[in-house]
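Okay, here's what each chain looks like letter by letter:
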Amino acid sequence: GAVVRDSIYYSEDKEDMFIDIWVYEGQQFFFGDVSFQGNEKFTDEEFLSQMDLQKGEPYSEDKFQEAKQKITELYYNKGHLFAQAAPNEEIVGKDTVNIRYRINEQSVVRINEIRIEGNSKTHEKVVRRDIKIYPGQKFSQEKIVRSVSDLMRLNYFQNVKPDVKIIPGSQDEVDLLFDIQEKA
């Protein structure tokens, strides 16, 4: 899109200013076929069921980005922390965009160590009993989110921030840090 022209003018009593902007939106595009290559852990149908990309629907950058996020979330919850989904958009005909995702699943990542910081009043065992993921388990974003939710439900903490710590030289293990901010 582009601004074609604009105009600024005042009301007769000079109390109000008006701005008119003429915009050329450009050609409208529509979603075409969505396909995948390199995926072994999930089928095309499993990906498509998580996406809100309907063939023939007007193209939306927000829906396009959400679809990519859904793919990575599926992998994060199965331990593939470093999985990548690289989309390639191809214009077909005058107004259709086909999307092919090149998937690089990478290996499963496991939790090496879980550290807790910021808890000066709350005993560590109280925090640990609400953490739903353990050393040795596959990485799971879903379990980390649930852990944060359960910890916040205790009403002892103002904030709980999980952080993944890469272990130099390791491609199949990470450390997990829960940074806790206690209530006054």
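As a reminder, the structure under discussion sits directly above these lines.
Residues numbered from 1 in each chain as written. Predicted model: local features only at pLDDT ≥ 70, side-chain atom pairs only at ≥ 80, totals over all residues. Heavy atoms only, no water.

Trainee: Any chance you could explain unusual backbone geometry here in plain terms?
Mentor: Look at K14: it is not a glycine, yet its phi comes out positive at around 65°. Looking at the element boundaries, K14 is found in the loop between β1 (2-10) and β2 (17-24). Of note in the backbone geometry, N155 takes a positive phi value of approximately 70° without being a glycine. Inspection of the secondary structure assignment puts N155 in the loop between α4 (141-153) and β7 (157-166). (Helix = DSSP H or I, 4+ residues; strand = E, 2+ residues; numbered from the N terminus.)

Trainee: Would you mind showing me how to read the pattern of salt bridges here?
Mentor: Side chains that carry opposite charge are capable of pairing whenever their charged atoms lie near each other. Per the stated rule, a full pass over the model turns up nine salt bridges. Between K55 and D33 there is a salt bridge, with the nearest N and O atoms lying 2.7 Å from each other. Highlighted residues: K55 in the loop between α1 (44-50) and α2 (61-76) and D33 in strand β3 (residues 30-37), separated in sequence by 22 residues. Using a relative accessible area of 61% as the deciding quantity, one classes K55 as exposed. One salt-bridge network, in which partners are shared between bridges, spans D52, E57 and K63. (Salt bridge = Lys/Arg side-chain N within 4 Å of Asp/Glu carboxyl O. Buried < 20%, exposed > 50% of the residue type's maximum accessible area, 1.4 Å probe, protein only.)

Trainee: Looking at this structure, I do not really get a positive patch on the surface. What am I missing?
Mentor: On the surface, K41, K78, R110 and K138 cluster together to form a positively charged patch. As for its placement among the helices and strands, K138 is situated in the loop between α3 (124-128) and α4. Residue K138 is classed as partly exposed on the basis of its relative accessible area of 35%. (Patch = residues over 30% accessible without salt bridge, like charges linked within 9 Å, V, L, I, M, F, W, Y side chains within 5 Å. Areas by Shrake-Rupley, 256 points an atom, 1.4 Å probe, with all protein chains shown as cover. Lys, Arg positive; Asp, Glu negative; His and termini not counted. Charge placed at Lys NZ, Arg CZ, Asp CG, Glu CD.)

Trainee: I tried to follow the sheet that holds strand β8 (residues 173-182) on my own but got confused; where do I start?
Mentor: Strand order in the open sheet made by the three strands is β6-β8-β7, with mixed pairing throughout. Each edge of the open sheet carries a strand with a single partner, namely β6 (110-117) and β7. The sheet shows a mean angle of 20° between the axes of neighbouring strands, direction not considered. Relative to β8, β7 runs antiparallel, the two sharing nine bridges. Residue N159 lies in a different strand from β8, and its bridge partner there is Q181. (Pairing = 2+ DSSP bridges. Axes fitted to C-alpha atoms, helices over the stretch in contact; angles between N-to-C directions.)

Trainee: I tried to follow the side chain of D150 on my own but got confused; where do I start?
Mentor: You can see D150 is positioned in helix α4. Judged by its relative accessible area of 12%, D150 is buried. A polar contact of 2.8 Å, which involves the side chain of D150, links it to the side chain of R153. Once residues within four sequence positions are removed from consideration, D150 is found in contact with D130 and K132. (Polar contact = N/O pair within 3.5 Å; in protein donor to acceptor, adjacent residues only side chain to side chain. Contact = heavy atoms within 4.5 Å.)

Trainee: Any chance you could explain the packing of aromatic side chains here in plain terms?
Mentor: Within a pair of aromatic rings, the relevant descriptors are the distance that separates the centres and the angle that separates the planes. Scanning the entire structure with this criterion turns up nine aromatic pairs. Ring geometry for Y9 versus F18: centroids 5.4 Å apart, planes at 25°, classification stacked. Here the aromatic rings of F42 and Y75 are separated by 5.0 Å at their centres, their planes lie at 85°, and the arrangement is edge-to-face. Within this pair, whereas F42 is found in the loop between β3 and α1, its partner Y75 is found in helix α2, the two being separated by 33 residues in sequence. We note that F42, like Y75, is buried. What links up through ring pairs into an aromatic cluster is the set F36, F42, F47, Y75 and Y101. Cation over ring: R5 sits above W22, and NZ or CZ is 3.9 Å from the ring centre. (Phe/Tyr/Trp six-rings, centres within 6.5 Å; stacked < 30°, edge-to-face > 60°. Lys NZ or Arg CZ within 6 Å of the ring centre and 35° of its normal.)

Trainee: Sorry if this is basic, but what is going on with α4 here?
Mentor: Count 3.6 residues to each turn of an α-helix, and residues three or four apart come out pointing the same way. If you check α4, its first and last C-alpha atoms are 18 Å apart, about what 13 residues at 1.5 Å a residue would give, namely 18 Å. Of the residues making up α4, those classed as buried are I144, S147, V148, D150 and L151. Buried positions in α4, seen along its axis, are confined to an arc of 165° and lie on one side of it. Turned more than 90 degrees away from the buried face of α4, the exposed residues are E142, V145 and R153. Among the residues trailing α4, N155 stands out with phi positive, at a value near 70°. (Expected span 1.5 Å × (residues − 1). Arc of directions from axis to C-beta.)

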